Amino acid sequence: MIFKNLKNEIKLDELFRFDKKTNSYIIDIFVDHYESLYSTLDFSPFKNKDLDDDLIIYLEDSIEDIPFRYNLLVNINMPQKVYDQVKETRGIKEIKHYFLYLRKKKKKEIYETYRSAMGSFITGILFIFAISIIKKNLSVTHLVWEIIIEGFYVGGWVFLWEFFSLLFLDPSKGKRKLKQYQRVLDSKINYTYHKRS
């Protein structure tokens, strides 16, 4: 977690290296081989494989900690002995491809949220409008019918509340995720190789 000093400034330098030339914070990832970047549960024969869940969580948490005014640089640290130019190039493409997939998936979720919101709005308005007409034009004296009518009336307001909830509360988190995924897509990804004994 990030701690704040007395001036309420986040001490990012304690968590990430900073490159002044590019105004970028460097997110370091340490792995022993290229396969560590991918999910062990993905047995797909296709080239584009799922990224490791812990890696995704780490990247998302790191991106959330770094303010938008800074650029990002993802630096993957590996032993020199496993260097493979083909796997390195493919790895960069697959990381970008996977976050592009996450971004498209999140956009679809936001679209579905807006669709659900409109459905709730229309249903709520119809309920309230129909019950208002029934109350004006029919004289309902039976207790059961009064309860049913009031139930539909309350239901209409519940649908309207769901509309406002879906429209203004739910998408905000999704939009923030979209920005995070876009930051990965815009970031530079490097591999750094170290000699280890």
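Fair warning: this is a prediction, and the values are worked out from it, not measured in the lab.

Caption draft 1: Geometry of the side chain of Ser120. Its location among the elements puts Ser120 in helix H2 (residues 85–137). Beyond its immediate stretch of four places on either side in the chain, Ser120 contacts Phe159, Leu160, Glu162, Phe163 and Leu166.

Caption draft 2: Region of the structure containing the pattern of salt bridges. Tallied over the full model, the rule gives 6 salt bridges. Salt-bridge contacts for Asp28 lead to Arg17; the nearest nitrogen and oxygen are separated by 2.9 Å. Of this pair, Asp28 sits in strand S2 (residues 24–30) while Arg17 sits in strand S1 (residues 17–19), placing them 11 residues apart in sequence. Residue Asp28 is classed as buried on the basis of its relative accessible area, which comes to 15%. Between Arg115 and Glu112 there is a salt bridge, with the nearest N and O atoms lying 3.9 Å from each other. Taken together, the positions of Arg115 and Glu112, both in helix H2 and 3 residues apart, correspond to about one turn of that helix.

Caption draft 3: How the structure looks around the pairing of strand S3 (residues 71–79). Judged by how many residues are buried, S3 sits mostly within the fold: 8 of 9 residues are covered. Sheet topology note: the S2/S3 ladder contains 7 bridges and is parallel. Note that in S3 the partner of Ile26 across the bridge is Leu73. Bridging between S3 and strand S4 (residues 188–194) involves 7 bridges; their strand directions are parallel. In the strand pairing of S4, Leu73 is matched with Lys188.

Conventions and cut-offs
Residues numbered from 1 in each chain as written. Predicted model: local features only at pLDDT ≥ 70, side-chain atom pairs only at ≥ 80, totals over all residues. Heavy atoms only, no water. Helix = DSSP H or I, 4+ residues; strand = E, 2+ residues; numbered from the N terminus. Contact = heavy atoms within 4.5 Å. Salt bridge = Lys/Arg side-chain N within 4 Å of Asp/Glu carboxyl O. Buried < 20%, exposed > 50% of the residue type's maximum accessible area, 1.4 Å probe, protein only. Pairing = 2+ DSSP bridges.

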